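# Structural overview
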Amino acid sequence: MLTLQCLREERDRVLAALTKRHIDAASTVDQILDLDAQRRATQTELDQVLAESNALSRQIGGLMREGKKDEAEAIKAQTAGLKDKTHELKEAMDAAEAQLQELLVQLPNTPCDLVASGKSADDNVEVFRSGEPPAAGGHAKPHWDIAKEFDLIDFDLGAKVTGAGFPFYKGKGAKLQRGLIRFFLERADEAGYTEYIPPHVVNADSGYGTGQLPDKEGQMYHMQDDDLYMIPTAEVPLTNIFRDVVLNASDLPTKLCGYTPCFRREAGSYGKDVRGLNRLHQFDKVEIVQIAHPDESYATLDAMVEHVKGLLEGLELPYRILRLCGGDMGFTSAMTYDFEVWSAAQERWLEVSSVSNFETFQANRLKCRFKDEDGKNKFVHTLNGSALALPRIVAALLENHQDHDGVVIPKALVPYVGFERIDA
RNA sequence: GGAGGUUUGGCAGAGUUGGUCGAUUGCACCGGUCUUGAAAACCGGCGUACCGCAAGGUACCGGGGGUUCGAAUCCCUCAGCCUCCGCCA
């Protein structure tokens, strides 16, 4: 959530930045500023009334101690009106505050200067490309056929036991999942990320802290009896570790990572997008998170991008990096790089990672601050990235590394999965 | 799930017959004096947020609500932690 201070001091800059998302926020922002002014005026008045009332109460206390009951009663009479006034003002202030919050959470983050204006994925900017589509391209079998041929993944069984989008992984398919998770975690460990195994369900406060609530409520599975949400990404529990936390400047950057399954309802998806492993309701992912000093966060973002590049190169997959345009960026992000790998059989790019800097947007909701050099509390910047999400990686591995009678496991991965080929 | 206890500032720990308590004290931390330097000792500072140009004011003693002129202190409610019982991988 954008800070009020930012809206107050940089209204025009914020509006200009939001046009990159093709949002005209002028009326919302001005409403917010009006409500803010209203709230402040009300608070000033309320504070005065409370001060008066406190002073009288203190007098009564003093008189009671001295046994001057009559005088105390006389002053008590004076407080009657103040009480009503207090209630009235309190209500007005709470109402203004509530309206203000409601509007404030509707505003997405302001894109950083480097982000291009744009409406859709077509306007994203390719900033890097590595590798060539494999020779098999054109005749390559799609991963769902390969998965079936070698009995790696059973989609039908998943549909029977749970529902569409919840596959079973079997045999070498399961080992490949386990190996990839280990590979990603070991690489993160080597890069200095502390590993966590977080809860897979979170409370509403956490959903709010990272920005899934209130706007993406429908994308998470919700357990009504206990009012808990299944995590759509490890970002939620890992970042919420820092909710209501004040760090020391020396704690920054804080680097952490974790493997979790991720659960997404994906309401409204259909067609070729959901075929095979392209889009699932449950999938595995290793997430990296950093809590950074505001001055360093973009260098941190670059470092995280480099980390993900290393992973894809280890897997020998052709990939490209896009800097998302304003219209394609997530609600909470100030800048996002998407990683896409080439799918040889589908002959299209598949998104496998998204690395973002949220600047203070999440920190403001989380109330995660650090003590700066002057001893003042300031918001940190939060960042995260998939490193990596498994299903489309598996799809690309199967499709791109297939040969005449099987699939070759990339060298870097062999020690983790325990075999060199998938074949009959 | 049942019964009881508990929840105070970074930590420890006072304060519960309601009244200068936003809160005693110790430790930790920061600054200073002393010292060649350090330690010790002494002096001073040391929660957060909001309003205000400032002086200053307001709110917060797990969360929310209530009683009262006035609540950390009383009541209700929710949550966390601890102990015992039940159930259980």
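Residues numbered from 1 in each chain as written. Chains lettered and ligands numbered in written order. Predicted model: local features only at pLDDT ≥ 70, side-chain atom pairs only at ≥ 80, totals over all residues. Heavy atoms only, no water.

### A few points about the protein's contact with RNA strand B
As a matter of local geometry, RNA strand B sits amid 20 residues, with Q43, T44, D47, S57 and K76 nearest to it. Of all atoms in RNA strand B that approach within 4 Å of the protein, 70% are sugar or phosphate atoms. For RNA strand B, a sugar or linking oxygen lies 3.1 Å from a polar atom in the side chain of R39. K371 is positioned such that a nitrogen or oxygen atom in its side chain is 3.1 Å from a phosphate oxygen of RNA strand B. Looking at the surface near RNA strand B, the elements with two or more residues in it are helix 3 (26-65), helix 4 (69-104) and strand 14 (369-371). Broken down by element, the surface near RNA strand B gets its largest block of residues, 13 residues, from helix 3. Split into classes, the residues belonging to the surface near RNA strand B amount to four nonpolar, seven polar and nine charged. (Near = heavy atom within 4 Å. Polar contact = N/O pair within 3.5 Å; in protein donor to acceptor, adjacent residues only side chain to side chain. Helix = DSSP H or I, 4+ residues; strand = E, 2+ residues; numbered from the N terminus. Nonpolar A, V, L, I, M, F, W, Y, C, P; charged D, E, K, R; others polar.)

### Here's the deal with the sheet that holds strand 5 (residues 201-203)
Pairing in this open sheet of three strands is antiparallel, and the strands run 5-7-6 from one edge to the other. Because the sheet does not close on itself, it has two edges, and the strands there are strand 5 and strand 6 (222-223). Strand direction decides the pairing type here: strand 5 and strand 7 (residues 228-230), joined by three bridges, are antiparallel. Residue pairing in the sheet places V201 in a bridge with M230 of strand 7. (Pairing = 2+ DSSP bridges.)

### Focus on helix 2 (residues 11-19)
Within helix 2 the residues assigned to the buried category are V14, L15, A17 and L18. Along helix 2, the residues classed as buried sweep out an arc of 160 degrees about the axis, all on the same side. Of the surrounding elements, those touching the buried residues of helix 2 are helix 1 (4-9) and helix 3. (Buried < 20%, exposed > 50% of the residue type's maximum accessible area, 1.4 Å probe, protein only. Arc of directions from axis to C-beta. Contact = heavy atoms within 4.5 Å.)

### Section: the side chain of S343
Looking at the element boundaries, S343 is found in strand 12 (residues 335-343). Within polar-contact distance, the side chain of S343 engages the side chain of E399 at 2.5 Å. In this structure S343 touches R348, L350, E399 and N400, once residues within four positions along its chain are discounted.

### Thoughts on unusual backbone geometry
Note that the residue after L213, namely P214, is joined by a cis bond; omega there is 0 degrees. With respect to the helices and strands, P214 occurs in the loop between helix 8 (204-210) and strand 6. Geometrically, the link from L252 to P253 is a cis peptide bond, its omega value of -5 degrees lying close to zero. Unlike most non-glycine residues, H22 shows phi in positive territory, near 60 degrees. Topologically, H22 is positioned in the loop between helix 2 and helix 3.

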